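Here is what each chain is made of, one letter per residue.
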Amino acid sequence: MNILGIDTSCDDTSAAVVVEGRKILSNIVHSQVKLHHPHGGVVPELASREHLRNIMPVVQEALAKAGTGMGDIDGLAVTVGPGLVGSLLVGLYYAKAMSYVNGLPMAAVNHLEGHILSIFLEEDVPEFPFICMTVSGGHTSIYNVKGYGDYLQMGQTLDDAAGEAFDKVAKILGLGYPGGAVIEKLARQGKVDKIDFPRAFLSKDSLDFSFSGLKTSVSLFIRKWKDKEADSGVSLADIAASFQEAVIDVLVAKVLKAAGMMKTDSVVVAGGVACNNRLRKRLKQDASGKGIRIYHPRPSYCTDNGAMIAVAGYRRLLEGHETEMSVDVRSKYPIEDID
Ligand code: KG4
Ligand code: ZN
């Protein structure tokens with residue numbers, strides 16, 4: 001089965017052609033970073049207009065790169081939520097039109113399921129059940145993944161997502177948007193233990209997260225630090241490194257705790273923040289002593305992409321779950337609501 005996967009949930013227009021939910025023939029992503037950069041974050045109205053401009057060329061490019069025409073496609077997979085309503089609508093209505101015109105089945109996909117299943121685009125895949133932590137700009141959650149379509153959320157952020165914390169702190173530090181990769185780069189020159197920023201572990205057994213206190217703490221620190229920067233002995237890189245370490249300490253501790261609770265030896269970390277090399281290194285280090293194996297999709301499968309949506313849609317269509325044309329987008333779409 002050749003699936004055309006489409007994702008327009010936030011600020012990337014993406015389309016991919018994937019064979020049997022495993023082999024990528026093409027995976028095209030049109031990033032809107034330059035458009036939103038001056039605004040310090042995604043502007044929903046601008047994002048949906050940009051998706052409208054790009055959806056057709058991106059899909060055409062995905063088909064051309066795959067060497068396929070619509071006649072070679074067996075089904076469509078499209079993200080219906082969670083995400084920005086105006087952005088989601090562009091992808092969904094484009095997919096509906098393609099489905100109608102070409103007489104193809106369509107599968108509505110939960111974006112979070114796409115991130116969870118992105119690991120199946122790699123050669124080396126875990127066996128069910130495994131723990132998956134999705135860390136992105138919009139989400140930070142831990143799931144017990146029992147099988148395809150069978151997910152139990154064990155924890156989630158109570159306020160900001162981890163990527164959102166990176167983006168907000170980058171803005172405070174004057175590093176621009178998006179912040180994750182810039183902070184990671186700057187942090188390489190800094191000391192991780194220079195400033196003892198707070199780690200919100202919440203209660204002992206909690207697998208929930210909270211990053212807004214950390215962001216406020218960095219903001220307050222910067223306000224004082226600015227006046228005495230020269231003789232403070234603390235560099236901007238030290239602040240970036242200490243902030244990043246505070247986020248990573250909590251992410252690593254909680255995902256390994258979840259693996260211990262479920263007695264599983266496989267952990268997948270996906271989503272944009274999973275591109276972070278310090279996080280990958282720390283996870284590997286801390287997991288090795290516990291006999292836990294960490295699986296990461298490569299960076300281009302971690303950030304939003306159409307291929308991961310094709311994987312999830314393929315599974316749905318394989319099980320006979322064709323979505324009806326009346327389907328609508330959902331700005332909030334808890335993973336438990338997948339039927
Ligand atoms: O998964 P994604 O592409 O989009 C969402 O679904 O949100 O993730 C984007 C997020 C942004 O917040 C970005 O700052 C963060 O992932 N990110 C990183 C890194 N690369 C991207 N965070 C930390 N370190 C990185 N290297
Ligand atoms: Zn995402």
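1. Examining the packing of helix 5 (residues 162-172) against helix 7 (residues 212-227)
A packed helix pair is summarised by two numbers, namely the angle formed by the two axes and the spacing between the axes.
Then, in step 1: As a packed pair, helix 5 and helix 7 sit with axes 10 Å apart at the nearest point and diverge in direction by 10°. Classed by the angle they form, the pair helix 5 and helix 7 counts as roughly parallel. Note on element contacts: helix 7 touches helix 5 through Lys215, Val218, Ser219 and Ile222, opposite Lys168, Val169 and Ile172.

2. Structural notes on the pattern of salt bridges
Then, in step 1: Scanning the entire structure with this criterion turns up 18 salt bridges.
Then, in step 2: Note that Glu122 and Arg298 form a salt bridge whose closest N and O atoms lie 2.8 Å from each other. Pair noted here: Glu122 is in the loop between helix 4 (111-117) and strand 6 (130-135) and Arg298 is in the loop between strand 10 (293-295) and helix 10 (299-302), with a separation of 176 residues, a long-range link.
Then, in step 3: Judged by relative accessible area, Glu122 falls into the buried class, the value being 13%.
Then, in step 4: With its nearest N and O atoms 2.2 Å apart, the salt bridge here joins Asp124 to Arg293. Taken together, the positions of Asp124 in the loop between helix 4 and strand 6 and Arg293 in strand 10 put the pair 169 residues apart, joining distant regions of the chain.
Then, in step 5: Residue class for Asp124 comes out partly exposed when judged on its relative accessible area of 40%.

3. Observations concerning the coordination of the zinc ion (ligand 2)
Then, in step 1: Looking at the metal site, the zinc ion (ligand 2) is ligated by His111 (NE2), His115 (NE2) and Asp304 (OD), spaced 2.0 to 2.1 Å from it.
Then, in step 2: Considering all four donor atoms around the zinc ion (ligand 2), angles at the metal cover 94 to 140° and the coordination shape is irregular.

4. Let's talk about the side chain of Ser266
Then, in step 1: Its location among the elements puts Ser266 in strand 9 (residues 266-270).
Then, in step 2: Only 3.4 Å separates the side chain of Ser266 from the side chain of Asp265, close enough to count as a polar contact.
Then, in step 3: Here Ser266 is in contact with Pro126, Phe130, Ile131, Arg293 and Tyr295, once residues within four sequence places are set aside.

5. Things to note about unusual backbone geometry
Then, in step 1: With an omega of -10°, the peptide bond between Gly81 and Pro82 qualifies as cis.
Then, in step 2: Of note, Pro82 is situated in the loop between strand 4 (75-81) and helix 3 (85-102).
Then, in step 3: Here the residue pair Phe128 and Pro129 is connected by a cis peptide bond, since its omega of -10° sits within 30 degrees of zero.
Then, in step 4: Among the structural elements, Pro129 can be located in the loop between helix 4 and strand 6.
Then, in step 5: Backbone geometry places Leu202, a non-glycine residue, at a positive phi of 60°.
Then, in step 6: Positionally, Leu202 belongs in the loop between helix 6 (180-187) and helix 7.
Then, in step 7: The exposure class assigned to Leu202 is partly exposed, which follows from its relative accessible area of 41%.
Then, in step 8: Positive phi values are uncommon outside glycine, yet Lys263 reaches one of about 55°.

What counts and how
- Residues numbered from 1 in each chain as written.
- Chains lettered and ligands numbered in written order.
- Predicted model: local features only at pLDDT ≥ 70, side-chain atom pairs only at ≥ 80, totals over all residues.
- Heavy atoms only, no water.
- Axes fitted to C-alpha atoms, helices over the stretch in contact; angles between N-to-C directions.
- Helix = DSSP H or I, 4+ residues; strand = E, 2+ residues; numbered from the N terminus.
- Parallel < 35°, antiparallel > 145°, perpendicular 65-115°, else oblique.
- Contact = heavy atoms within 4.5 Å.
- Salt bridge = Lys/Arg side-chain N within 4 Å of Asp/Glu carboxyl O.
- Buried < 20%, exposed > 50% of the residue type's maximum accessible area, 1.4 Å probe, protein only.
- Donors = N, O, S within 2.8 Å, 3.2 Å for Na, K, Ca; no water.
- Tetrahedral: all angles 85-135°; square planar, octahedral: opposite > 155°, others 65-115°.
- Polar contact = N/O pair within 3.5 Å; in protein donor to acceptor, adjacent residues only side chain to side chain.

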